[in-house]
Each structure stands twice: as structure tokens, then as C-alpha cells.
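Summary of the model geometry
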Amino acid sequence: MPLQHLLIIYLIGTLIVFLPSFGFAKLFPIAGAPAWKAYIPFYNTWVMQELAKRPKHWVFWQFIPVVGWFISPGIFIEFAKVFGKFSFGQHTMAALLAPVYFPWIAYKEKPRFIGYEGVKKHKKKSWREWVDAAIFAIVAATLIRTFIFEAYVIPSPSMEKTLLVSDFLFVSKFSYGPRIPNTPLSIPFIHNYIPGTKWKSYSEAAKIPYIRWFADTPERNDVVVFNFPAGDTVIHHKEYESLNPYYDVKRRALMGSKDDREVLNDPVNYPIVVHPVDKSDNYIKRCVGIAGDMIEIKDNVVFANGVKQEMPPDAELHYIVTTKGQALDPDLMKDEYNIDFDKDDYRPTGKRPGEYSMFLTTQSRDKMLQNGLAISIVVDSTYQYGGGEVFPYDSITARKRWSRENYGPVWIPKKGASIKLNAENYPIYERSIRVYEKNDFVIKDGKFYLNGGEITDYTFKMDYFWMMGDNRQGSQDSRYWGFVPEDRIVGKAWMIWFSWDGGPRWKRLFKIVR
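Residues numbered from 1 in each chain as written. Predicted model: local features only at pLDDT ≥ 70, side-chain atom pairs only at ≥ 80, totals over all residues. Heavy atoms only, no water.

**Side note on the packing of helix α1 (residues 3-18) against helix α5 (residues 67-81)**
- It is the contact of α1 with α5, at a shortest axis distance of 10 Å, that shows an interaxial angle of 10 degrees. In terms of orientation, α1 and α5 fall into the roughly parallel class. Within the contact between the two elements, α1 uses Ile9, Ile12, Gly13, Ile16 and Val17 and α5 uses Trp69, Ser72 and Phe76.
- Here the residues of the contact of α1 with α5 are counted per class, giving six nonpolar, two polar and no charged. (Axes fitted to C-alpha atoms, helices over the stretch in contact; angles between N-to-C directions. Helix = DSSP H or I, 4+ residues; strand = E, 2+ residues; numbered from the N terminus. Parallel < 35°, antiparallel > 145°, perpendicular 65-115°, else oblique. Contact = heavy atoms within 4.5 Å. Nonpolar A, V, L, I, M, F, W, Y, C, P; charged D, E, K, R; others polar.)

And the structure:
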């Protein structure tokens, strides 16, 4: 964490305990303590705990970054109790509006100090017990979700068979450093829309710029959760959102698609919604390229800086499998080769006996060949997936041959690194420079203009990453929408804590994601 961020955190914590001190200074003498003690930040909370006879170690908890902001209001509530303030409204005021509330009761009311004995005589109503417990749980869970880990569920097969649909996993926020929410005013535990409505679950009345504490970066082969970069603008309809991105629809419309033009011209049924960074949809993919890498894909194999990257053992491709003509036993295929005839895409090709079309993991392919079950296994490059046109969607001759299976080479931007701008690389880096790094960036008459001034090169402000699904032929990933900037990174997939497919998948429980 940068020192300036730490200083800001402690400055906020100091203000939280100092601003109400003008009220505390009037109340302390009533409780038998000198008024001057109220003006010393943190020592004043120690005095409050003494007067309320509450645990003094709470004072030290206030020095835990961010967590301390939530401890101080708890101390204020305990101090309010010794002056006979027990209602829910009074405790809410003490916690959230302490700089106003304590001066009010000190100067406008005639407070009476009842002390610890008086507090003990008060019996809290049962509904208050439930409300207080719920508030504590929400605050604790919000802190955990923001700074430590968060639970996610896998919605699509793009990471099969490393991760399966309806795998429930924990994602570590600490692996790359917790990211401070851009939109702090939001309903807890709800991402971007209130379920069953078209209403957003957050307000943009308060915005915080990108800040990441204890920052680190993803490494190659990490399984990463991130905010979908092309999901900042979406069509809010169940058939669109991130499944059918707005930018793809707009591009097809410009190319003459009548259906897409009709969608864009119907904002009542297909409203266009703009999300802040932290409220765009969450994606999970494998990081195959890090900042500064030169990435290339040859026949579905990724090369980073010219070095072949091995496929993850549970990554899958669609293959044509040729056997010796024997029938394949469903139980054997499921137990030995992780192929479920009822659910996986498996079928005879019909071209010749013993030839099948199926998805296989890297492990299953190798095992099939070693055991002699198959005499030939080749990638089915004709397998169709509706991924659409590959990034950067231009007509430059050198990139016309780029495809899902054969892509690049393309350089991944790195913070502090510069590129010489030209007409060929403009389509690749334009969105990163203009949208992700928030510049006015255009090309005009063959010249490049950044925020009104002519430039010939550009130095990147952030690191970027190249993400791909382990289901290499069935994943909407960087091949289709480009780079993932560092401010979109949410966390690292850590462990599958539950998995469901008509019943628990017991073998997947507590499996570490690799």
C-alpha cells in the first residue's frame, strides 16, 4: 500500500474520533472526566470505554486500516448508552452523525449520566437484538467481501473442465491487493441490478478513483476474476447484457445488420445502460499473457514471447477421435476420461466407423492415446462457437488471417512502456488509450491527437493482461474484445467450496483451483 494511502486512511480515522470532540468535551465532565481529554484523538475513545466499563482493547482495533472506521462508531454507541440513549434512532445518530449528535445532546438537552449500572438495568427488546445482529453481520460480511475474499458461482462452460457450471468458489481479494469500490453507495451483496427490477443497485452520487492496496499483479496461468472490460456499456435485456455485448451489436449494425439496428433504435425495450468499472459484469478466465508479453496463438496453442505455453491439464478442445472401430462404453468414458455422454458434446461423425466428435481435456487426450483407445486425435478446427469477429475488428491485411485458432502476434501494454503510434497499431491500442486510460484520443489526417495535442508515441499508465477460457473453442475472451486493464482485476480464484449438478459433486468440494 502506498504511504500516501495509509496516511489518508489514518487521517480519516482521526477525523472520525476528533470531529465529535466538541460534544464529548461537554459530556466528559458530567461523567466525571476532564474536558480536555475529549480533544485528544483515540485517547478520548479510551476514556469513553473507561466510563462505560467496556473492553479497552476496542481502542486498539481502531488502528486496523479501514476496519477501525467501523470500530469507532461502536465505541460512540456504548458512550451514548451511559447517558440513557438506547433507541435504534439514537444509536444510528451516534454511529453515523456523531459530530452533530453529541454536541446536540450536550448543549440542547440536559443529559444525565447513568453509568454502567444504569446501562445494565436496561433490557433490550428482542427485535433490537435481531436488528443489531443483522447490522453487525452485514458490516462484517461487506468488509470480508471487499478486502479478503468473495464467493462466486460459475455461470457458463467457458472454463471447462477446470471449472464447471454451478461450481461455487471463493475468490481471494488479497492475492492482487483489495480494490477500493468505485461506487461505495450500493446495496450490500447485490452487484449491478436489483433482482426482478430494472433499477440499479448502486448510486454514482459518490465515486472513488481506482485505488488498490498492497497491489500485486496476476501471473501467467492464474485463474482470474475481473470486470468485463467491454461491459461498461450494455443493452439491459436478458438476451444481451455481456452475453451479446453492446459494442458487438453496434458494430454489426454499422455493417448493415437490420436486426441490430432495430434493437439500437428501441431504447424502451432495449435500454442502454452504462456501468462504472466495479459494477460491470464479472468474468473468470485464465491469464495467459501479462503486461509486456508478446502473445501469439498458433493452432490453439499460446506462445508468450515465443515460448510455447502448455495447455492446462483440464482445458478442453473439440477433437475428432478415431478409434479401432470399437463401441465406446459410457461408464468407462466417464470414469477414465471425464466424458459424460449425457451432457458433453459427443457424437459419431458418421463419416467412418469408429470416428467420433467430442470435447477432450488435455489429460484425457493424452491418456486415450497412451492406452491405445484411440489411434488418432486431431483438433476439430471446424467446430463453431458464436464468438463473432476477433479483436480488433479491422481490415488491415496482416490481420485478416487472425482467427480464434491463429491469432497475433500482439504486444500487451505495460505500465511505463511506450509505443510508436501508427495506422496499423491504432485499432489495437485505441480503446486502451481512450477509454481505459481516460484520454481524448483520435487520429485525423494520419496524425494522432491526445487531449488536443499532437503526439507520435504514447506511454501507458496501467498494466494490461490477456485472458482466455480453458474451453478454448467455447469462450468469449481477449481474442474477441482485447486487453484487460489492471483496474478491472477483482481477484484470484482460490477454492471450489461447493458444486452442484442435480446433486452435490462431492469430488469437487474444497478443490483448489489451478
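**Describing the packing of aromatic side chains**
- Tallied over the entire structure, the rule returns 48 aromatic pairs.
- Judged by centre distance (5.7 Å) and plane angle (70 degrees), the rings of Tyr101 and Phe102 are edge-to-face.
- On the accessibility criterion, Phe102 (0% relative accessible area) is buried.
- For the pair Phe226 and Tyr283, a centre-to-centre distance of 6.2 Å together with 55 degrees between the ring planes defines the contact as tilted. Linking Phe226 in strand β3 (residues 223-227) with Tyr283 in strand β6 (residues 282-289), this pair joins segments that are 57 residues apart in sequence. (Phe/Tyr/Trp six-rings, centres within 6.5 Å; stacked < 30°, edge-to-face > 60°. Buried < 20%, exposed > 50% of the residue type's maximum accessible area, 1.4 Å probe, protein only.)

**Points about empty space enclosed by the protein**
- Evaluation of the coordinates by the stated rule reveals two cavities of 30 Å³ or more.
- The calculated volume of the largest cavity comes to roughly 70 Å³.
- Together, Asn221, Val288, Asn300, Val301, Val302, Gln309, Glu310, Met311, Pro312 and Arg472 line the largest cavity.
- In the lining of the largest cavity, the residues fall into five nonpolar, three polar and two charged.
- In this model, the second largest cavity occupies a volume close to 40 Å³.
- If you trace the second largest cavity, you find it lined by Ile9, Tyr10, Gly13, Phe42, Gln62, Ile64, Pro65, Val66 and Trp69.
- Sorting elements by how many residues they give to the lining of the second largest cavity places α1 first, with three residues.
- When the residues that make up the lining of the second largest cavity are grouped by side-chain class, the tally is seven nonpolar, two polar and no charged. (1 Å grid on protein atoms, 1.4 Å probe; cavity = no way out; pocket = protein on both sides within 12 Å on 5 of 7 lines; lining within 4 Å. Points joined across faces, edges and corners; volume = space filled by probe spheres on them.)

**Thoughts on the pattern of salt bridges**
- By the definition in use, this model includes 25 salt bridges.
- Between Arg252 and Asp260 there is a salt bridge; the shortest N-O distance is 2.8 Å.
- Residue Arg252 is classed as partly exposed on the basis of its relative accessible area of 33%.
- The structure contains a network of salt bridges with shared partners spanning Asp167, Asp501, Arg505 and Arg508. (Salt bridge = Lys/Arg side-chain N within 4 Å of Asp/Glu carboxyl O.)

**Description of the environment of Trp58**
- Mapping Trp58 onto the fold places it in helix α4 (residues 57-61).
- Under the relative-accessibility criterion, Trp58 is labelled buried at 18%.
- Once you skip the residues sitting within four places of it in the chain, Trp58 turns out to touch Gln49, Ile71, Gly74, Ile75 and Glu78.

**Description of the environment of Val390**
- Note that Val390 resides in the loop between β13 (374-379) and β14 (407-411).
- For the pair Val390 and Asp477, spaced 87 residues apart in sequence, the C-alpha separation works out to 9.6 Å.
- Those residues in contact with Val390, other than ones at most four positions away along the chain, are Trp402, Ser403, Arg404, Tyr407, Arg479 and Tyr480.

**Brief notes about the pairing of strand β8 (residues 301-304)**
- Pairing geometry for strand β7 (residues 294-298) and β8, over four bridges, is antiparallel. Among the inter-strand pairings, Ile295 is bridged to a residue of β8, identified as Ala304.
- Linking β7 to β8, which pair antiparallel, is a turn of two residues; within it Asp299 sits at a positive phi near 50 degrees.
- In the sheet, β8 pairs with strand β9 (residues 307-308) via two bridges, with the strands oriented antiparallel. Among the inter-strand pairings, Phe303 is bridged to a residue of β9, identified as Lys308. (Pairing = 2+ DSSP bridges.)

**Things to note about the side chain of Gln49**
- Tracing the sequence through the fold places Gln49 in helix α3 (residues 43-52).
- Not counting residues up to four positions away in its chain, the partners in contact with Gln49 are Arg54, Pro55, Lys56, Trp58, Val59, Ile75 and Glu78.

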